[in-house]
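# Fold and contact review
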Amino acid sequence: MTKIKGWVKKQFAVTSVKLSHLRFVNSRKYYRKLTARYAENTMILIFPFYWMGDAFYLFSKLSHYIKETGIKSYVAVVMTDNHLKIAKIFGVNVEKITPPQMEKLVRYAKVVGDYSHLKHMHHNPMFMYCNYANNWCGYKNLKLKDMLDIVAFDGMHLPSAKPTYKKDSGYYKRLLQSSRLKGGNTVLISPYANTLKPPFKQFWIELSSYLLKTGYNVAVISSAEEETLEGLVSINVDIDEIALLAEVAGYFIGARSGVCDLLAFAMCRKIILYSEFCEPTDIDYFNINDIWENNSFEEIYMTGNTTETIEKIAKKLRT
């Protein structure tokens, strides 16, 4: 029996080595196929994650990073349509690939490291299966902004470039009017979040009711996959359109999420809610004014008392 167990373990080890080698060979093959489309020594910057806020932060600073490091030729590689759109509003040279293709690049970069022209642009890349970034949360007071700067930009704290949008304000004014919403008097609410827990649905219903009674128009920003709030206008726009829509609407109130980061440069009232379900360490780590350093966001920390939170929002809207 001991000999059989030893033989099984040996066969398992051999099979694991063969599979690892095969994965590496396939990853190298895809890397070579990708780089063959670009000039020699082109730097491949890989963005192996789904978070929108992180992507907006990184792409806003990428042009300054390219300039500071003297990179002559590069391509940013993403795997979502949202990241593709965000990259384009910052003038980034970008290509979208599939998640399986991204996994191959991550695997290849993991093995060859600095010997390739690959660079991870996130401290917690997907497909690594280690989740080490969450273990760093709060280490030496490091926050999300610090983590991104350290890993993506070699520790440099770079300025952000402002995005360039294709459509003008007139388009969004007409979009609001088509839903009987008035520019400058419409509150866009964004009740959804993934990383941090958002307020309950009932809170948004009560807040919307208050806003409507006090003379505001109210609309929900939502995607096709998200549930809208009953009785309210739902506006489904692309990720790269939210900022200008908010400027024309006049007001934005949202649960802390990546959508909020998209409004970093938007000229409108922006009220960000951290629900009572958010841990203090997470609020500190993802603090939006700390990330963007412009104090243009008005933040409210909820306690679970809906009436109290609505009163705080009302007070901010009156000032």
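Residues numbered from 1 in each chain as written. Predicted model: local features only at pLDDT ≥ 70, side-chain atom pairs only at ≥ 80, totals over all residues. Heavy atoms only, no water.

### Observations regarding the overall build of the chain
A count of helices and strands for the chain gives 13 helices and 10 strands. Within the chain, the fraction of its 319 residues that count as buried is 46%. (Helix = DSSP H or I, 4+ residues; strand = E, 2+ residues; numbered from the N terminus. Buried < 20%, exposed > 50% of the residue type's maximum accessible area, 1.4 Å probe, protein only.)

### Remarks on the pattern of salt bridges
All chains considered together, the criterion is met by 12 salt bridges. Overlapping salt bridges, with partners in common, bring together Lys143, Lys145, Asp284, Asp290 and Glu293 in one network. (Salt bridge = Lys/Arg side-chain N within 4 Å of Asp/Glu carboxyl O.)

### Some points on the sheet that holds strand S1 (residues 43-46)
Strand pairing in a sheet relies on backbone hydrogen bonds. The paired strands run either parallel or antiparallel. Reading across from one edge, S3-S2-S1-S4 is the order of the 4 strands in this open sheet, with parallel pairing throughout. Each edge of the sheet is formed by a strand with only one pairing partner; in this case those strands are strand S3 (94-96) and strand S4 (118-120). Between one strand axis and the next, the sheet turns through 25° on average, direction left out of account. On top of the sheet, helix H2 (residues 52-69) reaches S1, strand S2 (74-78) and S4; it is set at about 160° to S2, its chief contact. (Pairing = 2+ DSSP bridges. Axes fitted to C-alpha atoms, helices over the stretch in contact; angles between N-to-C directions. Contact = heavy atoms within 4.5 Å.)

### Here's the deal with the sheet that holds strand S8 (residues 250-255)
In spatial order, the strands read S7-S6-S5-S8-S9-S10; together these 6 strands make up an open sheet with parallel pairing. Looking at the sheet topology across the chains shown, the edges are occupied by strand S7 (233-235) and strand S10 (298-301). The mean inter-strand angle of the sheet, taken between neighbouring strand axes irrespective of direction, is 25°. Pairing of strand S5 (residues 186-190) with strand S6 (residues 217-221), which is carried by 4 bridges, proceeds in the parallel orientation. Bridging from a neighbouring strand, Ile189 pairs with Val220 of S6.

### Considering the layout of surface pockets
By volume, the second largest pocket amounts to about 240 Å³. Around the second largest pocket sit Asp81, Leu84, Lys85, Lys88, Ile89, Thr164, Tyr165, Lys166, Lys167, Tyr172, Asp240 and Glu241, which together line it. Ranked by residue count, the leading element in the lining of the second largest pocket is helix H3 (residues 81-89), at 5 residues. Counted by class, the lining of the second largest pocket contains 4 nonpolar, 1 polar and 7 charged residues. (1 Å grid on protein atoms, 1.4 Å probe; cavity = no way out; pocket = protein on both sides within 12 Å on 5 of 7 lines; lining within 4 Å. Points joined across faces, edges and corners; volume = space filled by probe spheres on them. Nonpolar A, V, L, I, M, F, W, Y, C, P; charged D, E, K, R; others polar.)

### A few points about the nonpolar core
Soluble, globular proteins show a tendency: their nonpolar side chains are buried together. Ranked by size, the top nonpolar core spans 65 residues in total, and within it Phe47, Phe59 and Leu62 carry the most contacts. Element by element, the count of residues in this core is highest for H2, at 9 residues. Formed by 22 residues, the second largest nonpolar core is a distinct cluster that contains Leu211, Val218, Val220 and Leu317. (Core = buried A, V, L, I, M, F, W, Y, C linked by side-chain atoms within 4.5 Å.)

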